[in-house]
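Geometric and topological summary
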Amino acid sequence: MKLNYKKLGNYIEACDILNEDMNLTLLQGISNEKYFQSCKSNTVDIDLSKYRVCRKGWFAYNRATTRNGEKISIAYREKDDCLVSPSYKCFRIKDEKQLSPYYLLLWFKRSEFDRYARFMSHGSAHEYFEYEQLAEVLLPVPPIEEQEKIVGAYQKIETRIALKKKINENLEKQAIAMFHKLFDDQNTWNDGTFADLGEIVGGATPSKEKAEYFCDNGIVWLTPKDLTSTGLKFIYKGETDITKTAYQSCSTKIMPQGTVLLTSRAPVGSVAIAMVDLCTNQGFKSIVPKEKIGTAYVYYFLKENKQLLDSYSSGTTFMEISGNVFKSIPTKIPPCSLTKKFTQLCKRIFSYQAKLEFEIIKLNQLLTVINSSLVAC
């Protein structure tokens, strides 16, 4: 252990205040990406006096780590006071001249902290990371000036990422608006099915028992997590590649650049565009678009019809849509003149969006480097 590592418990104290006077009504949840968010629970006729108060400048976290994406939900409250679940824990830094809350939040954002919290969680049906375990966390505590310097560099990159994401979101709104303007009137279209949009391709998984089947630089192979964990529109690579031998051992199939990738289970309806030749596991029903239909139309058609996909899904353990059902879903087939026009309209938008996404990936890698460097403080 490095000499400048300190126990977090030396710098924080628990804050246990309930909303007994009912002064607060703003109820917030916490994302496992380490920020506060609107609570998804129905608060109608709920007794808010039993909820926990989180003041501005405090931290709050969800003790439960079971089924939370291998992460712990913890965040710093920068804005006004709010309420959090009674099962959450709140704490504050005793002296912010010794430990910056923003520096501490960077430590919490490290994947190593998530792994530590999961490892230290305990329980049978449900596992919990209690305040006592949090207080035992060891972290480097450099002088406050050094902490602020690190935080400043991190926040500058975060600001650049937020700006690029905002531009990308505006471009996406433009493309969606054009999609609806061109394709909402379907009165003269021909009847068809999803199979008329292109070749529908499933996937498969090589044997997990053979570690040699998986590699860093082989055939690009995706799982639904590669879409859901990144939120990327354009996909170049997944978490792991597979070898040629692995590819030949199962029924997955290489699809060309421009394929529209659709997760068909866990969850149904996440969509992305393949930027390289690749294959997937069985959690996909992807479409290799017909040339006259085009990638742009298929992408937005699937994205804007998630409710339709959900209505054709079924399952007990998790919802899923089968290949045969997917192919036979009825739909209207647009005229080639419109799909070609839409492809041209989207060409520059897609190019700019892909560039922005690539830059965001690189900036996120810089954030990871900064977080990793904290251990050397």
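Described in the following lines is the structure provided in the data block. (Residues numbered from 1 in each chain as written. Predicted model: local features only at pLDDT ≥ 70, side-chain atom pairs only at ≥ 80, totals over all residues. Heavy atoms only, no water.)

Digging into helix α7 (residues 295–303)
- By the criterion of burial, α7 is predominantly enclosed, with seven of the nine residues buried.
- Residues of α7 that are buried include every one of Ala 296, Tyr 297, Val 298, Tyr 299, Tyr 300, Phe 301 and Leu 302, and no others. (Buried < 20%, exposed > 50% of the residue type's maximum accessible area, 1.4 Å probe, protein only. Helix = DSSP H or I, 4+ residues; strand = E, 2+ residues; numbered from the N terminus.)

Remarks on the nonpolar core
- Membership of the largest hydrophobic core comes to 37 residues, with the highest contact counts inside it found for Tyr 297, Tyr 300, Leu 302, Phe 326 and Phe 342.
- Contributions of two or more residues to this core are made by α4 (144–183), β17 (260–264), β18 (268–274), α7 and α10 (336–373).
- Discounting chain neighbours no more than four positions away, the residues touching Tyr 300 are Glu 172, Ala 175, Ile 176, Phe 179, Lys 233, Phe 342, Cys 346, Phe 350 and Gln 353.
- Ranked by size, the runner-up nonpolar core spans 36 residues in total, among them Tyr 103, Leu 106, Val 137 and Leu 139. (Core = buried A, V, L, I, M, F, W, Y, C linked by side-chain atoms within 4.5 Å. Contact = heavy atoms within 4.5 Å.)

Observations regarding the side chain of Lys 285
- Tracing the chain through its elements places Lys 285 in the loop between β19 (279–280) and β20 (286–289).
- One buried charged residue, Lys 285, remains without a salt bridge, the closest side chain of opposite sign being Glu 320 at 4.8 Å.
- At 3.4 Å, the side chain of Lys 285 forms a polar contact with the side chain of Ser 264.
- In contact with Lys 285, not counting residues within four places along its chain, are Ile 200, Val 201, Leu 262, Ser 264, Ile 321, Ser 322, Gly 323 and Phe 326. (Lys, Arg positive; Asp, Glu negative; His and termini not counted. Salt bridge = Lys/Arg side-chain N within 4 Å of Asp/Glu carboxyl O. Polar contact = N/O pair within 3.5 Å; in protein donor to acceptor, adjacent residues only side chain to side chain.)

So, the sheet that holds strand β2 (residues 12–14)
- With respect to topology, four strands assemble into an open sheet ordered β2-β9-β6-β7, the strand pairing being antiparallel. Of all the strands in the sheet, just β2 and β7 (74–76) have a single pairing partner and so form its edges. Neighbour to neighbour, the strand axes of the sheet diverge by 25 degrees on average, direction disregarded.
- Note: β2 against strand β9 (residues 88–93), three bridges, orientation antiparallel. Bridge assignment links Glu 13 to a residue of β9, and that residue is Arg 92.
- Against the sheet, helix α1 (residues 101–108) contacts β2, β6 (59–62), β7 and β9, and its axis sits at roughly 160 degrees relative to β7. (Pairing = 2+ DSSP bridges. Axes fitted to C-alpha atoms, helices over the stretch in contact; angles between N-to-C directions.)

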